[in-house]
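Remarks on the overall topology
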Amino acid sequence: MPVLVYTESEKGNFKKSAFEVASYASELAKSMGTEAIALSINADNPSELGAYGISRVLNAAEPRLAEFNARGTASLLRQVVSETGARVVVTSSSTDTKYATSILAGMLKAGYVNNVVSLPETTEPLVVKRTAFSNKGFAYTELKGEPAIIGVSNNAFGTLENSVEAQVEAFSATFSDSDFGVKSTAVDKASDKVTIADADVVVSGGRGLKGPENWNLIEDLAEVLGAATACSKPVSDLGWRPHSEHVGQTGKPVASNLYIAIGISGAIQHLAGVNASKTKVVINTDPEAPFFKAADYGIVGDAFEVVPELIEKLKEFKAQNG
Amino acid sequence: MKILVCISNVPDTTSKINFTSDNTAFDTTGVQFVINPNDEFGLTRAMWFKEKQGATVHVATVGTASVEPTIRKSLAIGADEGIRIDAEPVDGIFVARQLAEIVQKGGYDLIIAGRESIDYNGGMVPGMMSAMLDMNFVNTCISLEIEDNKATAVREIDGGKETLETTLPLIIGGQKGLVEESDLRIPNMRGIMMARQKKLTVVPPVEAADGTLDVRFEKPAPKGAVKLIDPENIDELIELLHKEAKVI
Ligand SMILES: Cc1cc2nc3c(=O)[nH]c(=O)nc-3n(C[C@H](O)[C@H](O)[C@H](O)COP(=O)(O)OP(=O)(O)OC[C@H]3O[C@@H](n4cnc5c(N)ncnc54)[C@H](O)[C@@H]3O)c2cc1C
Ligand SMILES: Nc1ncnc2c1ncn2[C@@H]1O[C@H](COP(=O)(O)O)[C@@H](O)[C@H]1O
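Residues numbered from 1 in each chain as written. Chains lettered and ligands numbered in written order. Predicted model: local features only at pLDDT ≥ 70, side-chain atom pairs only at ≥ 80, totals over all residues. Heavy atoms only, no water.

Let's shift gears to the overall build of chain B. For chain B, the count of helices and strands is six helices and 13 strands. Overall, chain B is about 65 × 45 × 40 Å in size when its C-alpha atoms are taken along their principal axes. Taking all 248 residues of chain B together, the buried fraction comes to 54%. Residue pairs in contact within chain B that sit at least 24 positions apart in sequence constitute 70% of those at least 6 positions apart. On chain B, roughly 10800 Å² of surface is accessible, and the fraction owed to carbon and sulfur atoms is 51%. Across chain B, the mean location of the 26 positive side-chain charges is 5 Å away from that of the 37 negative side-chain charges. (Helix = DSSP H or I, 4+ residues; strand = E, 2+ residues; numbered from the N terminus. Buried < 20%, exposed > 50% of the residue type's maximum accessible area, 1.4 Å probe, protein only. Contact = heavy atoms within 4.5 Å. Areas by Shrake-Rupley, 256 points an atom, 1.4 Å probe, with all protein chains shown as cover. Lys, Arg positive; Asp, Glu negative; His and termini not counted. Charge placed at Lys NZ, Arg CZ, Asp CG, Glu CD.)

Attention now goes to the packing of helix 2 (residues 70-84) of chain A against helix 3 (residues 95-108) of chain A. All names here are of chain A. With their axes 8 Å apart at the nearest point, helix 2 and helix 3 run at an angle of 50° to one another. By the angle between their axes, helix 2 is oblique relative to helix 3. At the point where helix 2 passes helix 3, the crossing takes the right-handed sense. For the pair helix 2 and helix 3, contact is made by Ala-70, Arg-71, Thr-73, Ala-74, Ser-75, Leu-77, Arg-78 and Val-81 and by Tyr-99, Ala-100, Ile-103, Leu-104, Met-107 and Leu-108, respectively. Taken together, the residues of the contact of helix 2 with helix 3 break down into ten nonpolar, two polar and two charged. (Axes fitted to C-alpha atoms, helices over the stretch in contact; angles between N-to-C directions. Parallel < 35°, antiparallel > 145°, perpendicular 65-115°, else oblique. Left-handed = near helix turned anticlockwise from the far one by under 90°. Nonpolar A, V, L, I, M, F, W, Y, C, P; charged D, E, K, R; others polar.)

Our focus in this paragraph is unusual backbone geometry. The step from Glu146(A) to Pro147(A) runs through a cis peptide bond, and the omega angle for that step is -10°. Between Leu168(B) and the following residue, Pro169(B), the backbone shows a cis peptide bond with an omega angle of -5°. Relative to the assigned elements, Pro169(B) resides in the loop between strand 9 (160-167) and strand 10 (170-174). Unlike most non-glycine residues, Asn115(A) shows phi in positive territory, near 60°.

A few words on the site of ligand 2. Residues and elements named next belong to chain B. Close to ligand 2 lie 20 residues; Cys-6, Asp-39, Ser-117, Gly-123 and Met-124 are nearest. Separating an oxygen atom of ligand 2 from a backbone N or O atom of Cys-6 is a distance of 2.7 Å. Between ligand 2 and Met-124 there is a distance of 2.8 Å, counted from an oxygen atom to a backbone nitrogen or oxygen. Summarising the interface, the protein chains cover 94% of the accessible area of ligand 2, which totals 480 Å² for the free molecule. Elements with a contribution of two residues or more to the shell around ligand 2: strand 4 (56-62), helix 3 (92-106), strand 6 (110-114) and helix 4 (125-133). When residues in the shell around ligand 2 are grouped by element, the largest group, three residues, is from strand 4. (Near = heavy atom within 4 Å. Polar contact = N/O pair within 3.5 Å; in protein donor to acceptor, adjacent residues only side chain to side chain.)

Our focus in this paragraph is the sheet that holds strand 1 (residues 2-6) of chain B. Read across the sheet, ten strands follow the order 13(A)-9(B)-8(B)-7(B)-10(B)-6(B)-1(B)-4(B)-5(B)-11(B) without closing on themselves; strand pairing throughout is mixed. Lying at the two open borders of the sheet, with one neighbouring strand each, are strand 13 (183-189) of chain A together with strand 11 (199-203) of chain B. Across the sheet, the axes of successive neighbouring strands diverge by a mean angle of 25°, strand direction being ignored. Of the strands in this sheet, strand 4, strand 5 (81-85) and strand 11 of chain B are in contact with helix 2 (residues 68-77) of chain B, which crosses strand 5 of chain B at around 160°. (Pairing = 2+ DSSP bridges.)

This part is about the environment of Phe304(A). Residues and elements named next belong to chain A. Relative to the assigned elements, Phe-304 resides in helix 8 (residues 303-321). Taking relative accessible area as the criterion, Phe-304 reaches 32% and is therefore assigned partly exposed. Placed 75 residues apart in sequence, Phe-304 and Thr-229 show a C-alpha to C-alpha distance of 17 Å. Not counting chain neighbours up to four residues away, the residues in contact with Phe-304 comprise Gly-208, Leu-209, Lys-210, Asn-214 and Leu-217.

Each pair of packed helices gets described by two things: the angle between the helix axes and the distance between those axes. As a packed pair, helix 8 of chain A and helix 6 (residues 234-244) of chain B sit with axes 10 Å apart at the nearest point and diverge in direction by 50°. In terms of their interaxial angle, helix 8 of chain A and helix 6 of chain B are classed as oblique. Between helix 8 of chain A and helix 6 of chain B the crossing geometry is right-handed. Mapping the contact onto sequence places Val306(A), Glu309(A), Leu310(A), Lys313(A), Leu314(A), Phe317(A) and Asn321(A) in helix 8 of chain A and Ile234(B), Asp235(B), Leu237(B), Ile238(B) and His242(B) in helix 6 of chain B. Classifying every residue of the contact of helix 8 of chain A with helix 6 of chain B gives seven nonpolar, two polar and three charged.

Put into structure tokens, the structure is as follows:
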């Protein structure tokens, strides 16, 4: 009874999270003494997954899924689950994948957990560690029944190179009209920017920046670091920045390797959404700002002085270190 | 149009999270419970459909009697009727099955749930319901317009947004954006008085399996002290991020 992993791609290219979940699935399969099989949809090079220990890839060349469709993706996954007899299904935490996986779980009446941060503690019974209470706690959750669905947190497990030869097979599915009852009519997405979900580094600004006219500080710093930009809730409520940049408990979750918070006080609801980030740097004029208690590195100072200098020094650093 | 808003009863966002001494349950001592913020945006959008398009709005919660203040609050905000499914909300699939039963019996056209509950962070109940009921479903929904049985929805995607067209019956997983923060309503005295007269039906759960069980909880390890860097010495920060944290 294999482990099945859904490896998401965009315009034919695998997302970074696809390699993370592939690594997770092959390690899990190893510990269960079984095989990991990947499903990709319209991927240009499905065999790339071999680098992460996947020896068998089912690729669905499916024109109806050229644009993402959640129910269609779930329906396809359900067919792969039944064909492969998968015991566990591993998926990522991207917005699209979570959307499709919740539908799949309903189709299969399966136990499903999200925000899983490590390999199962035990596989008999299957118990995983996940964040709960918006990062204020962890839960150890038992998945009963088969199949069980594990949604792995972005950036939590990382990638593990373990090169094997991947055998690629075509998979074709049948759909019903109700699989396509929701139709996309327009996508509005900045294609040249890293997204908060995919970014290794996120640079975030709060009310301490005083106004939208000062956001060049955040954008310039993000550019040097190849980072995504984010903001606190009041900043988006005030219309200084788009809502899509709002991070925290009621906004987007952040689980990057590096999170730089500039002029953000560190309210409990903000921290709840960003605490999963590995390294946190805070720049704030107020030494009593609560964020310092949650941070790894801090500079007590004025953003308008510190950030321009940080940008210059980082440029020098990048020039030297490539 | 008949709307059902699914309300999850969650600890207030400022709550400190503690677990019982054997770490098997969430310790609710001193915790204030509120309408899940994502559901509050949905409920407020439902009020708009009620006032502008004549919709009827019911709210439903799976929970024990302790969730009734949250249902009453939803009624005080303006929902017409409340339903409580009298069961401990064991896990996503169990809750979805209970709510699907209410939807089927009540003949709702639009079901508004939230993107996720801020306590268990499942992010799954509305999607599961959509599969059980074979209904159209839009997740991370930030805008919703309805004309006859046609719906235009906008959903948040990683890095942007997508506009979708679909038909009723429809389920959405809503979040901030469905209405603005400033549109959220605090129940007034009149609303609270009227809520007392409104119907709150308690129904028994249907037989349903669960798929997961939280066996124990743990608090995050306490964080080490922050390393403070002199603003005159930014090189040190870069050095630390490069050599110690290895993130640049
Ligand atoms: C139900 C609910 C949900 C919420 N969800 C979220 C959420 O998801 N995300 C979120 O972010 N918030 C959320 N909030 C709001 C949260 O409580 C705080 O109000 C918010 O995070 C504060 O934003 P801020 O830090 O940008 O602003 P402030 O609290 O005003 O902090 C500004 C900071 O900037 C510093 N500063 C000022 N000038 C400078 C300078 N020149 N250089 C450097 N620093 C400077 C100040 O010392 C201060 O610490 C929520 C609140 C509620 C009630
Ligand atoms: N016990 C419950 N009763 C009613 N609705 C719920 C319950 N739990 C979750 N929901 C709904 O499902 C959404 C997503 O919850 P979850 O899948 O737990 O993250 C919530 O925002 C609610 O709309």
